[in-house]
Amino acid sequence: MSSFFLLLQRVHDKVHDPIMKLDYSEPNIYTGGVDINSWSKLSKEDKKEALSKSWYVYYSFRDPKTGKLKRQTNIKAGANQFKTKRERYSFLRTMREALSKLLELGFNPYKDNSDLEAKLFSDQENTAETQPKPKQQPKPPQPIPAHQSEPSPVPVEPEEDIMSIDEAFKFGLSMKEHMMNKNSYVQYKSRIGLFEKWLREEELFDKPITSITKKTVNQYLNTIVKKTSARNRNNSRTDIASLFQLLEENEIVTSNFVQSIAKLKTVPKRNKTYTPDQEKKINTHLEKHDPTLHLFIKFISLNFLRPIEVCRLKIRDVDLKDKKLYVKAKNQPVKIKIIPDILIKDIPDLSKLPGDALLFGRFGIGEAWSASETNRRNEFSKRFKEVKDHFGLGEDFGLYSFRHTFITKLYRKLREKSSPNETKSKLMLITGHSTMDALEKYLRDIDAELPEDYSHLFK
């Protein structure tokens, strides 16, 4: 028996009176998640990304067991070997037309199509020897005898077996739960949950997932801008786009149109660095009133950790003998950092504490604390807010400000004897930035590099 693709190639040249079949959907072409009609308006990067994905013809056929239309295997037929949009789309368009004709002739993926195949190949051979006969004019419709009932009309557009919004969201969340770390998943689930709540309020939730359009998502994102901020709107857009990308990859939706929704420009929120006087007053206050919080801040200041990274530290992560610190960063393997002597002298003896205990418990060192790492970080932020309020510091200052302050100090000290490139190379090893570009952007954001006094230039 010849392959399915040989049938497609043979049938697109065949001319027959169409046989009406209503157990399938009209074949369509998936073009990498972009609208083929707006190809000329896409950027070079977007075109490259679209061509990096698999293009294919897709259709649905009625499952004889369920009676519902079921998505069939995508037909690629080597189309993705073509590297240009023109070649690839032209090839798939031919496949689509051939498949459409084959379905009209009675092809059924759930049955043996040997008779159809034999007929097609037999007719193909006969056309070389005989001329096609002129088509007969259709007979006028005959009146239906009175004793016979009129046949029931056949639906023109059968309903496809498409996931509901509820089913698609549950599927996406269940997959993401196994793909993301716990902290990120909680935030992700919350944002998708807010989108679900809005769809319910707009009476849009009890519909197929395909009913959500680019306009729908934009309407939702606009409500976020009005209620909160452009930054929150962009974060919601990113998470919804991530959900639809997963649905596209699992062939639940045909394209991830959310990616084409532009991000809004935002003004980044930045923590200010402390002045030497502010730093001195805070240290004196914490030494007397909250030594645990003071040590917590020293890990931020002297090991250049982020607050949540300090919250993740356990007793076993601190090797005082070898002066090593094992840090779990977000979405990265464990990083190894040295513990400088200036910090070693302030760390108490940990040898008698259980290794799986948190370095920073709620009230002391090496205590059990069942709260999530996000809640633990928030607890330390609240404790530090009391210090800020005591000194009248605004919301621009926070725990993160200590990291900015000490990286700035270190950069300027190194810069006294080294060139900018040498300074950044040394600093990158200490701070743990993954790339030089990331470090340079960070230094620009915190204004680590300042010019010398230029008053003499005006004289």
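Thresholds applied
- Residues numbered from 1 in each chain as written.
- Predicted model: local features only at pLDDT ≥ 70, side-chain atom pairs only at ≥ 80, totals over all residues.
- Heavy atoms only, no water.
- Helix = DSSP H or I, 4+ residues; strand = E, 2+ residues; numbered from the N terminus.
- Buried < 20%, exposed > 50% of the residue type's maximum accessible area, 1.4 Å probe, protein only.
- Contact = heavy atoms within 4.5 Å.
- Areas by Shrake-Rupley, 256 points an atom, 1.4 Å probe, with all protein chains shown as cover.
- Core = buried A, V, L, I, M, F, W, Y, C linked by side-chain atoms within 4.5 Å.
- pLDDT = per-residue confidence, 0-100.
- Salt bridge = Lys/Arg side-chain N within 4 Å of Asp/Glu carboxyl O.
- Expected span 1.5 Å × (residues − 1).
- Arc of directions from axis to C-beta.

Concerning the overall build of the protein chain
Point 1. On a plain count of helices and strands, the protein chain comes out with 16 helices and seven strands.
Point 2. By the burial criterion, 37% of the 459 residues in the protein chain qualify as buried.
Point 3. Looking at the protein chain alone, contacts between residues at least 24 apart form 64% of all its contacts between residues at least 6 apart.
Point 4. Accessible area for the protein chain stands at about 29,000 Å²; split by element, carbon and sulfur atoms hold 51% of it.

A word on the nonpolar core
Point 1. Of all hydrophobic cores here, the largest spans 45 residues; its most connected members are Phe296, Phe299 and Phe384.
Point 2. Those elements giving two or more residues to this core turn out to be helix H9 (276-289), helix H10 (291-302), helix H11 (307-312), strand E6 (324-328), helix H12 (341-344), helix H13 (373-391), helix H14 (400-415) and helix H16 (436-445).
Point 3. If you tally residues by element for this core, the top one is H10, at seven residues.
Point 4. When near neighbours in sequence (up to four residues on either side) are disregarded, Phe296 contacts Pro307, Val310, Cys311, Phe360, Phe380 and Leu399.
Point 5. With 27 residues, the next largest nonpolar core counts Phe169, Phe195, Ala241 and Leu247 among its residues.

Comments concerning the confidence of the model for the protein chain
Point 1. Of the residues in the protein chain, 85% have a pLDDT of 70 or more, and the chain-wide mean is 84.
Point 2. At the level of individual helices and strands, the protein chain shows its lowest average pLDDT in helix H1 (residues 4-11), which scores 60, and its highest in strand E5 (residues 318-319), which scores 96.
Point 3. Below pLDDT 50 for its whole length, residues 15-21 participates in eleven contacts with residues either more than four positions away or in separate chains.

Some words on the pattern of salt bridges
Point 1. Taken as a whole and assessed by the stated rule, the structure comprises 20 salt bridges.
Point 2. Salt-bridge contacts for Glu309 lead to Arg306; the nearest nitrogen and oxygen are separated by 3.2 Å.
Point 3. For Glu309, a relative accessible area of 4% translates into the label buried.
Point 4. Between Asp346 and Lys345 there is a salt bridge; the shortest N-O distance is 3.6 Å.
Point 5. For Lys345, a relative accessible area of 62% puts it in the exposed group.
Point 6. Each of the salt bridges in this network shares a partner with another, and the network as a whole consists of Lys298, Lys345 and Asp346.

Thoughts on helix H15 (residues 420-431)
Point 1. Along its twelve residues, H15 runs 16 Å from first to last C-alpha, staying within 8% of the 16 Å computed at 1.5 Å per residue.
Point 2. Within the sequence span of H15, burial applies to Thr423, Lys424, Leu427 and Thr431. Seen end-on, H15 carries its buried residues on one side only, within an arc spanning 95°. Pointing more than 90 degrees away from the buried face of H15 are the exposed residues Asn421 and Leu429.

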